[in-house]
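Understanding the architecture of this molecule
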Amino acid sequence: MILSGKRILLIISGGIAAYKSLDLIRRLRERGASVRPVMTKGAQEFVTSLAVGALAADHVFTDLFSRQDEQDVGHIRLARDCDLVLIAPATADLLAKMANGLADDLASTILLATDKPVLAAPAMNPKMWSHAATKRNFEILRGDGVHFIGPMAGEMAESREAGLGRMAEPLEIVAAAEALFDGGPKPLAGRKAVVTSGPTHEPIDPVRYIANRSSGRQGHAIAAALAKLGADVTLVSGPVTIADPVGVRMIHVERAEEMRDAVLAALPADIAVMVAAVADWRVASASDQKIKKHPGESIPTLALTENPDILKTVGHHTMRPKLVIGFAAETQDVESNARTKLERKGADLIVANDVSPATGIMGGTRNSVKLISQSGVEQWPDLAKEEVAEKLAKLIAERIKQG
Ligand code: C5P
């Protein structure tokens, strides 16, 4: 229970995602944390302070100039008497204020006055998140040491628009907070790791692409597990809808060639774990314009060309990491295919799994893997993808220690 006894100052700012903050308060308290809520004026338009206060079992602070609150606690004490300042949801407006050091209400004043770690869960319309001003503010805040969880991709609550902007789910926010407090052993401190995750999208034309069913769950979990053991992790991910793990350097890409470039740019590294389901082929010449359907005309043929094999490139690179690990998603002859892959790709270890549809592994939450190396085969039991990740990160730490 990492959060047990932790005092969390929860700042709720004004977005529709504020309704999720109610559940977040419960989840944090279930784990033994105390939650002291601060609501902006905007937040109170979306959820009532009565509901927030009842769930937190604490007074809700809303006003910078409340005589009573200032006398009893005061904004400086609010900012300091906690272990973490958590902002959920964090609106574009509040991020802008923080990035510029504005302090014109209680929430922004606390954020300027605090010397505690700050974790923000942004939530806003995708257009607002992708606006140059918000991007700028996000980079400034990251540079200032603010931690972020999300935003996530998906449909917005208030409109049918989809894109990046949805607040992370309460349990994802809880996990991010836990990761910040985790003081466990750091055997990979000072080691660099590069991890790939998710599918790639290979364009056919501006609106169509070739993809696969990879969710990114296994790769993301491995990146998070390595970071937890102290590694300096770069995670290169194709398009996924799950949250960026906390504490990793995130690089989002679409195509295999972009993924390769990002991976090579992350070298030198001590560890490479290539989990992404990279498309083997891409369309030889993707069309700049949408390919139109004309009645009576023949159906277009897609000419494919081979994509770079990222694992193989890394496995044979002059800056080859000490430990190179690949995955093998197979639907038949899992073990013998993995053995061939080990050789061909220059990997130290292949994590093989059977992704036949009946296993539900691809896109699912569990995984049953075999580890294939020069020294033999090891079958792991059926585990959650996070458990596979933790076991693998431990094994990596041991191998690195052995040199
Ligand atoms: O050959 P296959 O695609 O089955 O190999 C799977 C392994 O190789 C995975 O680790 C995957 O991330 C990696 N891979 C790659 N680049 C490719 C194809 C696969 O890095 N173009």
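Residues numbered from 1 in each chain as written. Predicted model: local features only at pLDDT ≥ 70, side-chain atom pairs only at ≥ 80, totals over all residues. Heavy atoms only, no water.

Before going further, it helps to examine the overall build of the chain. A tally of helices and strands in the chain yields 15 helices and 21 strands. Relative to the 2.2 N^0.38 estimate, which gives 22 Å for 403 residues, the radius of gyration of the chain is 23 Å and therefore close to what a compact globule would have. Expressed as a percentage of the 403 residues in the chain, the buried residues total 49%. Element-wise, carbon and sulfur atoms account for 51% of the exposed surface of the chain, whose accessible area totals about 19,400 Å². Charged side chains of the chain number 48 positive and 49 negative; the gap between the two group centres comes to 2 Å. (Helix = DSSP H or I, 4+ residues; strand = E, 2+ residues; numbered from the N terminus. Rg over C-alpha atoms; globule rule 2.2 N^0.38 Å. Buried < 20%, exposed > 50% of the residue type's maximum accessible area, 1.4 Å probe, protein only. Areas by Shrake-Rupley, 256 points an atom, 1.4 Å probe, with all protein chains shown as cover. Lys, Arg positive; Asp, Glu negative; His and termini not counted. Charge placed at Lys NZ, Arg CZ, Asp CG, Glu CD.)

Before going further, it helps to spend a moment on the domain arrangement of the chain. For the chain, the assigned domains are domain 1 (7-181) and domain 2 (192-402). The C-alpha centroid of domain 2 is placed 34 Å from the C-alpha centroid of domain 1. Taken together, the contacts link 6 residues of domain 1 with 6 residues of domain 2. Together, the buried faces of domain 1 and domain 2 total about 520 Å²; carbon and sulfur atoms form 69% of this surface. When residues of domain 1 are sorted by the area they lose upon contact with domain 2, Ile-149, Met-152 and Ala-153 head the list and together hold 47% of the total. Applying the counting criterion to the domain 1 and domain 2 interface returns 0 salt bridges. One can count 0 residue pairs in polar contact (both at pLDDT 80 or more) joining domain 1 with domain 2. Of the residues belonging to the side of domain 1 that touches domain 2, the class tally is 5 nonpolar, no polar and 1 charged. (Domains from an automatic or database assignment. Contact = heavy atoms within 4.5 Å. Buried area = accessible area lost by both parts, 1.4 Å probe. Salt bridge = Lys/Arg side-chain N within 4 Å of Asp/Glu carboxyl O. Polar contact = N/O pair within 3.5 Å; in protein donor to acceptor, adjacent residues only side chain to side chain. Nonpolar A, V, L, I, M, F, W, Y, C, P; charged D, E, K, R; others polar.)

Okay, the site of the ligand next. By nearness alone, 13 residues border the ligand, and Met-274, Ala-276, Leu-311, Phe-327 and Lys-341 come closest of all. Backbone polar atom of Leu-311 to an oxygen atom of the ligand: 2.7 Å apart, as the coordinates give it. Lys-341 places a polar side-chain atom, nitrogen or oxygen, 2.5 Å from an oxygen atom of the ligand. Within the complex, the protein chains bury 87% of what would otherwise be the 440 Å² of accessible surface of the ligand. Split by residue class, the shell around the ligand holds 8 nonpolar, 1 polar and 4 charged. (Near = heavy atom within 4 Å.)

It is worth spelling out the pairing of strand E19 (residues 369-373) at this point. With 4 of its 5 residues buried, E19 lies for the most part within the structure. Pairing of strand E17 (residues 349-354) with E19 involves 4 bridges; the strand directions are antiparallel. Note that in E19 the partner of Ile-350 across the bridge is Ile-372. Where E19 meets strand E20 (residues 376-379), 4 bridges bridge the pair, whose relative direction is antiparallel. Along E20, the bridge assignment pairs Ser-373 with Gly-376. In textbook terms, the turn of a hairpin is the stretch between consecutive antiparallel strands, and for E19 and E20 this stretch comprises 2 residues. (Pairing = 2+ DSSP bridges.)

Turning our attention to a nonpolar patch on the surface. Judged by side-chain polarity, Ile-16, Tyr-19 and Phe-46 come together as a nonpolar surface patch covering roughly 300 Å² of accessible area. In this structure, Tyr-19 sits in helix H1 (residues 18-30). (Patch = residues over 30% accessible without salt bridge, like charges linked within 9 Å, V, L, I, M, F, W, Y side chains within 5 Å.)

Below, the discussion takes up the sheet that holds strand E11 (residues 232-237). In space, the 8 strands of this open sheet follow the order E12-E11-E8-E13-E16-E17-E19-E20, with mixed pairing throughout. Looking along the sheet, the strands with just one partner apiece sit at the ends: strand E12 (249-252) and E20. Ignoring strand direction, the axes of neighbouring strands in this sheet form an average angle of 15 degrees. Pairing of strand E16 (residues 323-330) with E17, which is carried by 6 bridges, proceeds in the parallel orientation. Note that in E17 the partner of Glu-330 across the bridge is Asp-354. (Axes fitted to C-alpha atoms, helices over the stretch in contact; angles between N-to-C directions.)

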